[in-house]
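# Descriptive structure summary
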Amino acid sequence: LLFNLVYAFAFFYIFFNGWSEFVYIYYVLSCYWAVATNYYVFYLISANLAANCYFLEGTDYLPKNPLWESVKRSTTKTFGSASFAGFIAAVMSTLRKIAERMMKQKNGVMAIIGLILYCILCILQMIFKHVSRYGLFYVTVYNIPFLEGSRRFMELSVKKFITTFFTESIIGLSLTFNSLIFG
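Residues numbered from 1 in each chain as written. Predicted model: local features only at pLDDT ≥ 70, side-chain atom pairs only at ≥ 80, totals over all residues. Heavy atoms only, no water.

Now for the overall build of the protein chain. Assigned secondary structure in the protein chain consists of six helices and zero strands. Secondary structure elements of the protein chain, listed N to C terminal, follow the sequence α-α-α-α-α-α. Counting only residues that meet the buried cut, the protein chain has 29% of its 183 residues in that class. For the protein chain, the share of sequence-separated contacts (at least 6 apart) that also reach a separation of at least 24 residues comes to 58%. Summed over all atoms, the accessible surface of the protein chain reaches about 12700 Å², with 71% contributed by carbon and sulfur. (Helix = DSSP H or I, 4+ residues; strand = E, 2+ residues; numbered from the N terminus. Buried < 20%, exposed > 50% of the residue type's maximum accessible area, 1.4 Å probe, protein only. Contact = heavy atoms within 4.5 Å. Areas by Shrake-Rupley, 256 points an atom, 1.4 Å probe, with all protein chains shown as cover.)

Here it is in structure tokens:
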């Protein structure tokens with residue numbers, strides 16, 4: 001709550017004193033970065049806790065206090081990955097905010113460019129949210145960097161998509177031929 005109040009005061013101060021747009025963009029970026037990093041740290045804590053309980057239950061490797069171990073690991077070893085993912089999400093959110101402001105301009109060309117950018121950024125944010133969620137799970141389970149975890153997830157997703165696509169195509173084709181042959 002205090003965090004939100006400080007940033008709200010800073011936004012109003014910048015806006016009403018007529019400071020540069022770059023200062024406004026910096027504060028928007030830093031606000032989004034702090035919120036996204038906090039979100040990803042809590043996600044890492046819960047993912048690490050779930051992984052510990054699922055994979056290590058009934059073994060000698062399960063920590064005595066899995067929650068505390070998850071908090072320690074997420075705020076030390078894997079904090080950089082959460083921060084990096086938060087930075088990427090913050091940059092996209094900031095660009096989206098800029099595109100929203102462009103859409104509200106009276107200049108028709110700028111409004112159309114803002115609309116196109118807004119649509120592209122919405123799609124990119126949805127893709128990034130999906131990839132980062134599974135990439136961060138790889139980070140917490142396998143203790144690898146964020147980009148490597150995201151790469152592994154995308155590699156697995158593409159292989160699974162191609163396999164599913166071809167399997168469904170072959171099954172659909174064979175069912176079509178069966179219905180044509182056997183009526």
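After that view, the rundown keeps rolling.
Take the packing of aromatic side chains next. Under the counting rule described, the total for this entry stands at eight aromatic pairs. With centroids separated by 5.0 Å and ring planes inclined at 85 degrees, the aromatic side chains of Y54 and F55 adopt a geometry described as edge-to-face. The exposed category is assigned to Y54, whose relative accessible area is 65%. Its relative accessible area of 48% is what places F55 among the partly exposed residues. Between the aromatic rings of F84 and F146, the centroid separation amounts to 6.0 Å while the plane-to-plane angle is 75 degrees, which identifies the pairing as edge-to-face. Residue F84 is found in helix α4 (residues 79-103), and its partner F146 is found in helix α6 (residues 146-182); the two are separated by 62 residues along the sequence. Look at F146 and you get buried, because its relative accessible area is 4%. Taken together through their ring pairs, the aromatic side chains of F84, F128 and F146 make up a single cluster. (Phe/Tyr/Trp six-rings, centres within 6.5 Å; stacked < 30°, edge-to-face > 60°.)

Moving on to helix α2 (residues 21-56). Look at α2: 51 Å from first C-alpha to last across 36 residues, which is about the 52 Å you get at 1.5 Å a residue. In the segment just after α2, G58 is the residue with positive phi, at about 85 degrees. (Expected span 1.5 Å × (residues − 1).)

What follows concerns the layout of surface pockets. The calculated volume of the largest pocket comes to roughly 330 Å³. Considering the residues around the largest pocket, the lining is formed by 15 residues, among which Y40, A89, S93, Q125 and K129 are closest to the centre. Of all the secondary-structure elements, those providing two or more residues to the lining of the largest pocket are α2, α4 and α5 (108-142). (1 Å grid on protein atoms, 1.4 Å probe; cavity = no way out; pocket = protein on both sides within 12 Å on 5 of 7 lines; lining within 4 Å. Points joined across faces, edges and corners; volume = space filled by probe spheres on them.)

With that out of the way, let us pick up the pattern of salt bridges. Per the stated rule, a full pass over the model turns up five salt bridges. With a shortest N-O distance of 3.5 Å, K72 and E69 are connected by a salt bridge. With K72 and E69 both in helix α3 (residues 66-75) and three residues apart, the pair spans about one turn of that helix. Residue class for E69 comes out partly exposed when judged on its relative accessible area of 31%. Taken together, the shared-partner salt bridges in this structure form one network comprising E148, R151, R152 and E155. (Salt bridge = Lys/Arg side-chain N within 4 Å of Asp/Glu carboxyl O.)

Now for unusual backbone geometry. In this model, N143 sits at a positive phi of 55 degrees, which is unusual for a non-glycine residue. Relative to the helices and strands, N143 is located in the loop between α5 and α6. Note on N143: relative accessible area 43%, which makes it partly exposed.

To continue, consider the nonpolar core. In this structure, Y40, A82, A85, A89, F128, L136 and F146 are the most contacted members of the largest nonpolar core, which totals 15 residues. Those elements that provide at least two residues to this core are α2, α4 and α5. At seven residues, the largest contribution of residues to this core is made by α2. Filtering out sequence-adjacent residues up to four positions away, A82 remains in contact with T37, Y40, V41, L44 and L136. (Core = buried A, V, L, I, M, F, W, Y, C linked by side-chain atoms within 4.5 Å.)

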